[in-house]
Amino acid sequence: MLSLRPRAYSPRARRDDATLMHPSQADDDTLREKCAVFGIFGHAEAAAHTVLGLHALQHRGQEACGIVSCDGEQFHAHRALGQVGDTFSNPAVVAMLRGYAAIGHNRYATSGGTLLRNVQPLFADLDAGGFAIGHNGNLTNAYHLRRKLVRRGSLFQSTTDTEAIVHLMATSTANSIIDRMVDALMQVEGAYSIVALCRSAVIAVRDPLGVRPLVLGRLGDAHIVCSETCALDIIGATFLRDVEPGEMVVLDESGVHSYRPFPPRPSRFCVFEYIYFARPDSVIGDHSVYAARKRIGAELAREAPAGADVIVPVPDSGVPAAIGYAAESGLPFELGITRNHYVGRTFIEPTDQIRNLGVKLKHNANAALIDGKRVVLVDDSIVRGTTSRKIVQMVRQAGAREVHMRISSPPTRGPCFYGIDTPAKDELLAHQYSVEGMRREIGADSLAFISVDGLYRAMGKPARDPDAPAFCDACFTLDYPTALTDEESTEGQGELSFLAERTATGRRRKRSLA
Ligand code: AMP
């Protein structure tokens, strides 16, 4: 049985008892996630196509998934903890999701927020009709809005930031669902790529900065909106274009309608999507993600060459950058580390102990390619340093004479507040050490990161313009493109308590936000 036990904030409070939620204090179940969205309108098998789309977007979130469909009258939903292949493997479940329109969501909860009630799409019966919503990104004033709404009588059911949008819509005085949505989104700060479903339409919206991706595609008479183009490929749909930053796209019986409800701002797409997060076979903002990674690797080779015998990627995410590095440096490229694909991404395991284990389970050095060689290891990022420490040691044990680490992102110096999971600032290796200190920590003979300007050059820009950066690079530069209202405010700490439930996995993760 669940119990609601409000109490004052105490930093030592255990999450199993009660959760105390100001984002700067909470160590878990925070309003933060990185996710995938998919929506389709006008297809007899809307739900089945949504299952496939979510499967292609599994890399963006593995902890939970859900689909809501609409048959023009009624809404049908199925949501569960776990991955798409397991959740939607039963054809009877998919058949129950009737209708020509559906939306779906993959969720990556950063912590103990792995609760069924947090699994999206969220659904609400509004005055204006039924409404389901899935969100990729993170709102930076969700806590602030939540406090206001709770004081006015809103009853929150989940701990996701997305629910604030639903309550803002519920209390809006605008008439139509679309107007209510615009009204609600005018009040939020942060990053959102949203797909929503009402009885007559699928609605997609991208925040004015366009921090997270969102694309539009077509399959026969049906239209699709989804996080990445790889989800269009899997269903044989044609990529039409990116949903523009600040654009709202409505898919309904009469086709695709585009609106620009927000004041225009220069876009700031997340550059880390290119470096690591998006799938390499996706195309975002006219760039092939794979080609971008290769160019970043080539730029890294120009900036930080190494006298070595062989270039070895840390698989899988380091591979395209290592190919670019090897091609530019003229050194041989070898798959000197084998990755076991039957384990998830390192970060998915939340405790340090499991994370450490996870790296050993995941990678093995191929001594035949490494023994006696001077090796350049290429990876996409160093966050806590866990992966690099292990891999450097592993490659040395396999007989490498020298190990030179090259990283295809600048040092990660701050957390992301826009939907990519990063640990608290003081857990980031680059926050604790200089590059030389980091080199010592990971045990490499040399260590170099691509520069911020080098990254911009690889992305086709002359350099970073500090007055108008083309990307969101806040995790590298600490230049956050929106207000961070929740982070900067201590107002109302301890005022809200949330229902604490045991998570399905019983896991908890240490996390506090800097
Ligand atoms: P760490 O081991 O903590 O230094 O993390 C670095 C490794 O995690 C790199 O090999 C990346 O490929 C991967 N990585 C970086 N950022 C993320 C993220 N937000 N989610 C999952 N994996 C990540």
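Reading the values: the criteria
Residues numbered from 1 in each chain as written. Predicted model: local features only at pLDDT ≥ 70, side-chain atom pairs only at ≥ 80, totals over all residues. Heavy atoms only, no water. Phe/Tyr/Trp six-rings, centres within 6.5 Å; stacked < 30°, edge-to-face > 60°. Buried < 20%, exposed > 50% of the residue type's maximum accessible area, 1.4 Å probe, protein only. Helix = DSSP H or I, 4+ residues; strand = E, 2+ residues; numbered from the N terminus. Pairing = 2+ DSSP bridges. Axes fitted to C-alpha atoms, helices over the stretch in contact; angles between N-to-C directions. Contact = heavy atoms within 4.5 Å. Salt bridge = Lys/Arg side-chain N within 4 Å of Asp/Glu carboxyl O.

Student: Explanation requested: the packing of aromatic side chains in the structure shown.
Tutor: Ring pairs (aromatic) are described by centroid distance and by the angle formed between their planes. The full count for this structure, using the stated rule, is nine aromatic pairs. Taking 5.3 Å as the distance between ring centres and 70° as the angle between the ring planes, the aromatic pair formed by Phe 269 and Tyr 274 counts as edge-to-face. Taken as a pair, Phe 269 and Tyr 274 share a single burial class, namely buried. Pairing Tyr 456 with Phe 471 gives two aromatic rings, centres 5.4 Å apart and planes at 70°, and the pair type is edge-to-face. With Tyr 456 in helix α16 (residues 452-458) and Phe 471 in strand β24 (residues 471-472), this pair connects stretches of sequence that are 15 residues apart. The exposure class of Phe 471 is buried, given its relative accessible area of 6%. Three or more aromatic residues joined by ring pairs form one cluster here, namely Phe 269, Tyr 274, Tyr 456 and Phe 471.

Student: In this structure, what is going on with the sheet that holds strand β8 (residues 193-198)? I would like to understand it.
Tutor: Strands sit in the order β6-β7-β8-β9-β13-β14 across an open sheet of six strands; the sheet is antiparallel. Only two strands of the sheet have a single neighbouring strand rather than two, namely β6 (122-126) and β14 (255-259). Looking at each pair of strands side by side, their axes are set apart by 20° on average, direction ignored. Of the strand pairs in this sheet, strand β13 (residues 248-252) and β14 are connected by five bridges, and their pairing is antiparallel. Looking across to β14, one finds that Met 248 is bridged to Tyr 259. In this fold helix α5 (residues 162-170) packs onto β6, β7 (129-136) and β8, with an angle of close to 10° to the strand it touches most, β6. The sheet contacts of helix α6 (residues 177-185) involve β6, β7, β8, β9 (201-206) and β13, and relative to β9 the element is tilted by about 20°.

Student: Where do I start with the pattern of salt bridges in this structure?
Tutor: Should their charged atoms come close, side chains of opposite charge can pair. Inspection of the entire model under this criterion finds 21 salt bridges. The salt bridge partner of Glu 228 is Arg 60, with a shortest N-O separation of 2.7 Å. Taken as a pair, Glu 228 in the loop between β11 (222-226) and α7 (230-234) and Arg 60 in the loop between α1 (46-56) and β3 (64-70) lie far apart in primary sequence, 168 residues in all. Both residues of the pair, Glu 228 and Arg 60, count as buried. With its nearest N and O atoms 3.2 Å apart, the salt bridge here joins Arg 384 to Glu 427.

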